[in-house]
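Summary of structural features
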Amino acid sequence: MFTFASVNQEECIACGACNSAAPDIFDLDDSGIASVIFAGDNNRGVTAIAEELQEELQDAIDSCPTQCIQLSDAPFA
Ligand code: SF4
């Protein structure tokens, strides 16, 4: 199964928890708002997250206080 991820940036409060938990998947912009950066995804949610990063991804989701990391088993766009 593939997992695609995208941050709902309207709900992101720039806490940085996802970047701490999964720095290979999430990065923060100058304002601290998170994006999915894995393999150049640019928060589009169209790049399947690598199998070996699934645990990190789950940790990030669990650590997000606003639950704004969206997941899908199909590309978002
Ligand atoms: S953990 Fe959630 S609220 Fe915090 S920076 Fe990441 S996406 Fe934004």
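As recorded in an unreviewed UniProt entry, the chain goes by Ferredoxin and comes from Paenibacillus typhae. In the Function (unreviewed entry) part of its UniProt record, the chain is described as follows: "Ferredoxins are iron-sulfur proteins that transfer electrons in a wide variety of metabolic reactions." On record in UniProt, under Cofactor (unreviewed entry), the comment for the chain is "[4Fe-4S] cluster".

Let us now look at the side chain of N43. The residue N43 is located in the loop between strand 3 (34–36) and helix 2 (54–63) in this model. Here N43 is in contact with S6, V7, Q9, S35 and V36, once residues within four sequence places are set aside.

Let us look at the pairing of strand 1 (residues 4–7). Every second residue of strand 1 is oriented toward a common face, with F4 and S6 on one face and A5 and V7 on the other, all of them buried. By the bridge criterion, 4 bridges tie strand 1 to strand 4 (residues 69–72) in an arrangement that is antiparallel. Residue pairing for strand 4: A5 is matched across the bridge by L71.

Definitions and cut-offs
Residues numbered from 1 in each chain as written. Predicted model: local features only at pLDDT ≥ 70, side-chain atom pairs only at ≥ 80, totals over all residues. Heavy atoms only, no water. UniProt positions renumbered as here; feature names shortened; annotations may be inferred. Helix = DSSP H or I, 4+ residues; strand = E, 2+ residues; numbered from the N terminus. Contact = heavy atoms within 4.5 Å. Buried < 20%, exposed > 50% of the residue type's maximum accessible area, 1.4 Å probe, protein only. Pairing = 2+ DSSP bridges.

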